[in-house]
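So the chains spell out like this:
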Amino acid sequence: MTCSTATAPAPFILSPSLLSADCGRLADELQSLERTGTTWAHWDVMDEQFGPNITFGQHVIKRLRPASSLFFDVHLMIREPERYLDDFCEAGANMLVVHAEATLHLQRVLARIRQLGMQAGVALNPATPLNVLEYVLDDVDMVLLMSVNPGFGGQSFLPSTYRKLRELRAMLRQRGVTPHIEVDGGVDVGKTPELIAAGANALVCVYGLCSAADRAARFQGCAAAARQGQTITL
Ligand code: DX5
Ligand code: ZN
């Protein structure tokens, strides 16, 4: 089975997390995100076992799929994600991100995601070393570094993420592969330049940052300036 149409991702990506959206009106929230020019939406799926919280699942995403043309970046913080790959494919996920810590058979899971026609992402918790990626780098379209521990929005960004990002970028360069590098948790406008300088090209941000058009424009401007090595004025 193949499903979902993956739009070509932009070189720099904001992926607003719907964890902070008004869950009573998700269709409106998605449409207002589209109006800001953002092209991705980040779904934080948790099962209370891996991610210590309960959020939304495949049924909610499936119902929302017709309401939006955003690229659905679906971050599975669930135990044994292999049990739900087909469901999230049918729900319309474009990128399916699984945690390396949540499955015994990471390579098989990533290969199956691609076989289903989705892009495959692998996520690492803050304490997980980069070497778990060593033999799956050819199987991924994105590496997601958690800059907080899974569970909740609004946690403080862990500064150890910067060093991990630099090391990841060096690892990818050495291997000659170019997956997206996404950072998730506690990201705000002020951290954007340093995160980009350290190697990130996709940032999960709180929905509130992108809900107003001027905020989104500011964020994008910040990213553009950072890429050109300019001083950032927020
Ligand atoms: C943690 C979540 C958060 C969230 C982003 O499980 O994955 O990282 O999406 O929200 P903030 O930026 O508030 O941490
Ligand atoms: Zn996430």
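Note that the structure is predicted; figures quoted are calculated from it, not measured. (Residues numbered from 1 in each chain as written. Chains lettered and ligands numbered in written order. Predicted model: local features only at pLDDT ≥ 70, side-chain atom pairs only at ≥ 80, totals over all residues. Heavy atoms only, no water.)

Caption draft 1: Inspection of the environment of Trp-40 at higher detail. Counting through the fold element by element, Trp-40 comes out in strand 2 (residues 40-46). Along the primary structure Trp-40 and Ile-13 are separated by 27 residues, whereas in three dimensions their C-alpha atoms are 7.2 Å apart. (Helix = DSSP H or I, 4+ residues; strand = E, 2+ residues; numbered from the N terminus.)

Caption draft 2: Layout of the pairing of strand 3 (residues 71-77). Of all seven residues making up strand 3, seven are buried, and the element is well covered by its neighbours. Bridge analysis of strand 2 against strand 3 gives seven bridges, and the strand direction is parallel. Considered in strand 3, the bridge of His-42 is made with Asp-73. Regarding the hand of the β-α-β motif, the stretch spanning strand 2, helix 2 (residues 58-64) and strand 3 is right-handed. (Buried < 20%, exposed > 50% of the residue type's maximum accessible area, 1.4 Å probe, protein only. Pairing = 2+ DSSP bridges. Right-handed = clockwise from strand over helix to strand, strands pointing away.)

Caption draft 3: Layout of the pattern of salt bridges. As enumerated under the stated definition, the model contains eleven salt bridges in all. For Asp-141, the salt bridge identified is with Arg-114, shortest N-O distance 3.1 Å. Of the two residues, Asp-141 is situated in the loop between strand 5 (119-124) and strand 6 (142-146) and Arg-114 in helix 4 (residues 106-115); the sequence distance between them amounts to 27 residues. As a salt-bridge pair, Arg-175 and Asp-138 come within 3.5 Å of each other at their nearest N and O atoms. Note that Arg-175 is positioned in helix 5 (residues 160-175) and Asp-138 in the loop between strand 5 and strand 6, a separation of 37 residues in sequence. When its relative accessible area of 35% is taken as the criterion, Arg-175 is described as partly exposed. Among the residues examined, Asp-138 registers a relative accessible area of 53% and is labelled exposed. (Salt bridge = Lys/Arg side-chain N within 4 Å of Asp/Glu carboxyl O.)

Caption draft 4: Representation of the coordination of the zinc ion (ligand 2) within the structure. Within the protein, the zinc ion (ligand 2) binds to His-42 (NE2), Asp-44 (OD), His-75 (ND1) and Asp-184 (OD); these donor distances fall in the range 1.9 to 2.2 Å. Around the zinc ion (ligand 2), the four donor atoms are arranged such that angles at the metal cover 95 to 151 degrees; this shape is classified as irregular. Each donor residue of the zinc ion (ligand 2) belongs to the same chain, and together they define the spacing H-x1-D-x30-H-x108-D. With His-75 in strand 3 and Asp-184 in strand 7 (residues 180-184), this pair connects stretches of sequence that are 109 residues apart. Accessibility assignment for this pair places His-75 and Asp-184 in one class, buried. (Donors = N, O, S within 2.8 Å, 3.2 Å for Na, K, Ca; no water. Tetrahedral: all angles 85-135°; square planar, octahedral: opposite > 155°, others 65-115°.)

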